[in-house]
Amino acid sequence: MDESKIEKTLVLIKPDGIQRSLIGEIVQRYERIGLKLIGLKMLVPTSDFVEKHYTLDPEWRMKNGEKTIQAYKEKGENPPTEDPMEMSGMTLEKLKKYMSSSPVIAMVWKGANAVKIVRKITGGTEPLTSDVGTIRGDYVLDSYQISDASDRSIRNLVHASGSVKEAEDEINLWFKPEELMKYKLVQEHILYDVNLDGILE
Ligand code: ADP
Ligand code: MG
């Protein structure tokens, strides 16, 4: 087993996930693929904490702005601004309001390629275009255009770390080391072991 591929990643069930009674559905999606839940808490983040979370990666502002502008253009629509930093500045203000408006659930999931696997299950940022079968594609119907018209954040139920580095920084922000459990799941034998000795009687 290549231990270097065992990763940890942060998932947040956002206020709309809690309000839509989707906690169980969301947890089930990550659990059933074989990931291990090693940390879990419920809290109401302050708006300063939300800003800290989204600006841990100094590149996030530029990347988020470019992605949003691109999404508008792909649909043949005009973005509210052509300046990525202005775009993401607006998004950040909306996020601070959205994410501090109700309790959220923070979780750490661990397993092989956890960061990419969790992003795959979560789906793309905009529910209108997220793949069918993903959480954002199956349980919610928001779009950039609708959320912009109401001057609010896109409601897409969950946050998931975008890279191994982002995951490390976000986990450090949300959890103390002692809040992360160290334990084995019996299913790890079938997921990762070289052979299956001891099954046949
Ligand atoms: P992701 O959550 O898919 O990694 P980002 O990190 O780019 O996406 O953005 C963080 C969150 O901010 C999104 O999940 C979404 O809730 C919200 N958001 C992103 N871009 C916009 C936008 N242009 N308008 C409104 N909300 C947005
Ligand atoms: Mg992100």
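Further up the page is the structure itself.
Values in this document were obtained by computation on a predicted structure and should not be read as measured data.

A look at the site of ligand 1
Link 1 in the chain: Taken together, 18 residues form the shell around ligand 1, and within it Lys14, Trp60, Asn64, Thr125 and Asn156 come nearest.
Link 2 in the chain: A distance of 2.9 Å separates an oxygen atom of ligand 1 from a polar side-chain atom of Lys14.
Link 3 in the chain: Within the side chain of Arg119, an N or O atom sits 2.9 Å from an oxygen atom of ligand 1.
Link 4 in the chain: Look at ligand 1: alone it shows 530 Å² of surface, and the protein chains cover 97% of it.

Let's talk about the sheet that holds strand β1 (residues 6-13)
Link 1 in the chain: One open sheet holds the four strands; their spatial order is β2-β3-β1-β4, and the pairing between them is antiparallel. Of all strands in the sheet, those with a lone pairing partner are β2 (36-43) and β4 (158-160), marking the two edges. On average, each strand axis in the sheet is inclined to that of its neighbour by 20°, with strand direction left out of account.
Link 2 in the chain: Two strands pair when backbone bridges link them, and β1 and β4 are joined in this way by three bridges, in the antiparallel orientation. Each residue of the ladder has a partner; that of Ile13, found in β4, is Val158.
Link 3 in the chain: With respect to the sheet, helix α6 (residues 114-122) is in contact with β1, β3 (104-112) and β4, its orientation differing from that of β1 by roughly 35°.
Link 4 in the chain: Together, β1, β2, β3 and β4 form the strand contacts of helix α9 (residues 164-174), whose direction differs from that of β1 by roughly 60°.

Description of a nonpolar patch on the surface
Link 1 in the chain: A surface patch of nonpolar side chains, about 550 Å² in accessible area, is lined by Ile190, Leu191, Leu196, Ile199 and Leu200.
Link 2 in the chain: Assignment of secondary structure puts Ile199 in the segment after α10 (188-192).
Link 3 in the chain: Residue Ile199 is classed as exposed on the basis of its relative accessible area of 53%.

Criteria and thresholds
Residues numbered from 1 in each chain as written. Chains lettered and ligands numbered in written order. Predicted model: local features only at pLDDT ≥ 70, side-chain atom pairs only at ≥ 80, totals over all residues. Heavy atoms only, no water. Near = heavy atom within 4 Å. Polar contact = N/O pair within 3.5 Å; in protein donor to acceptor, adjacent residues only side chain to side chain. Areas by Shrake-Rupley, 256 points an atom, 1.4 Å probe, with all protein chains shown as cover. Pairing = 2+ DSSP bridges. Helix = DSSP H or I, 4+ residues; strand = E, 2+ residues; numbered from the N terminus. Axes fitted to C-alpha atoms, helices over the stretch in contact; angles between N-to-C directions. Contact = heavy atoms within 4.5 Å. Patch = residues over 30% accessible without salt bridge, like charges linked within 9 Å, V, L, I, M, F, W, Y side chains within 5 Å. Salt bridge = Lys/Arg side-chain N within 4 Å of Asp/Glu carboxyl O. Buried < 20%, exposed > 50% of the residue type's maximum accessible area, 1.4 Å probe, protein only.

Read these as layout, nothing more, since geometry by itself doesn't imply function.
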